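Coordinate analysis (summary)
Chain residues, written in single-letter form:
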Amino acid sequence: INGEKTFVATTVAKECILGAELAANAGTKELIKGYLPFKEECCNLNPDYQPQTVNTDGWEPTRSAWKHLFPKITLCLCFLHSVLKITDRCKRSRELLADIKEKVWNIYHSITPAQFSQRIRRLREWAQTIPPETVKEKVLDLCGKVQEFKKTFDHPQAYRTSNALDRLMDYQDRLLYAMRYFHSNSDSAVLYLRSMALIWNFHPYCTRISHKDSVNRASPFGDLNGFHYHPNWLHNLLVAASIGGWKS
């Protein structure tokens with residue numbers, strides 16, 4: 001904002017942006033403030049709202065913030081981020097990287113916790129033979145997170161990677177870059193972030209998506225809620241937002 005670095009605490013699920021709020025920094029205290037509006041607005045609709053799981057990267061302040069806001073939530077660690085860290089260390093050896101990816105994603109597609117643990121053990125044994133120490137370090141680091149990754153077996157519907165978040169943050173990033181970020185103050189920045197989320201959630205799908213697999217899909221809002229108020233996407237947005245999202 002006006003040249004000062006800031007952060008956007010973004011929450012997504014089922015292809016919708018459910019929260020996008022400014023955070024002055026990436027520390028736990030500020031991230032709690034950033035994710036708090038998501039909790040407040042959910043609890044406005046359902047006072048007993050309690051998400052079962054949340055998928056995050058390994059940034060501890062993010063995980064601490066979610067645990068503070070929802071003490072009963074299960075924190076699921078993003079598997080993809082561990083793979084990307086290995087990729088960053090292995091750019092000069094494509095053959096080795098291909099072998100690692102094949103073994104790592106084979107672990108990801110395990111059917112049972114026992115199979116997952118077994119494949120992790122095999123990867124750990126094989127990793128001892130990898131010559132570059134920097135690559136070996138990241139592979140063994142992934143193996144050391146087995147208990148964190150296995151949590152998703154207790155929650156079959158949980159997100160196992162942050163890919164769904166990354167896709168929508170790419171959308172955010174493109175728009176923010178195009179407007180050269182914010183030029184006024186934090187209040188106007190928040191309004192823009194929320195309007196960006198609304199446009200995304202209610203935008204009409206193109207013909208290819210709306211008729212994919214012979215299923216009539218109108219928008220991310222329709223996918224999430226299973227209905228829409230009006231066949232026109234803009235009317236649907238206006239009706240849904242008619243009371244500002246808050247119960248009267």
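Anything mentioned here points back to the structure above.
So, a few notes on the structure that sits alongside this text.

What counts, and at which threshold
- Residues numbered from 1 in each chain as written.
- Predicted model: local features only at pLDDT ≥ 70, side-chain atom pairs only at ≥ 80, totals over all residues.
- Heavy atoms only, no water.
- Patch = residues over 30% accessible without salt bridge, like charges linked within 9 Å, V, L, I, M, F, W, Y side chains within 5 Å.
- Areas by Shrake-Rupley, 256 points an atom, 1.4 Å probe, with all protein chains shown as cover.
- Salt bridge = Lys/Arg side-chain N within 4 Å of Asp/Glu carboxyl O.
- Helix = DSSP H or I, 4+ residues; strand = E, 2+ residues; numbered from the N terminus.
- Buried < 20%, exposed > 50% of the residue type's maximum accessible area, 1.4 Å probe, protein only.
- Core = buried A, V, L, I, M, F, W, Y, C linked by side-chain atoms within 4.5 Å.
- Contact = heavy atoms within 4.5 Å.
- Phe/Tyr/Trp six-rings, centres within 6.5 Å; stacked < 30°, edge-to-face > 60°.

A word on a nonpolar patch on the surface. On the surface, a cluster of nonpolar side chains totalling about 350 Å² of accessible area is made up of Ile199, Trp233, Leu234 and Leu238. At three residues, the largest contribution of residues to the nonpolar patch is made by helix H12 (residues 233-240). Within the secondary structure, isoleucine 199 is located in helix H9 (residues 186-202). Residue classification places isoleucine 199 among the partly exposed positions, given a relative accessible area of 40%.

Our focus in this paragraph is the nonpolar core. Counting 23 residues, the largest nonpolar core has Phe79, Ile100, Val104, Phe116, Val139 and Leu142 as its most contacted members. The element contributing the most residues to this core is helix H4 (residues 94-108), with six residues. Ignoring sequence-local partners within four residues, the contact set of isoleucine 100 consists of Ile86, Cys90, Trp126, Ile130, Val135 and Val139. With 15 residues, the next largest nonpolar core counts Val12, Ala20, Tyr171 and Leu176 among its residues.

It is worth spelling out the packing of aromatic side chains at this point. Tallied over the entire structure, the rule returns 17 aromatic pairs. Relative to phenylalanine 221, the ring of phenylalanine 202 lies with its centre 4.7 Å away and its plane at 25°, an arrangement referred to as stacked. You can see phenylalanine 202 sitting in helix H9 and its partner phenylalanine 221 sitting in helix H11 (residues 220-225), a full 19 residues away along the chain. Judged by its relative accessible area of 6%, phenylalanine 202 falls in the buried class. Taken together through their ring pairs, the aromatic side chains of Tyr35, Phe38, Tyr49, Trp66 and Phe70 make up a single cluster.

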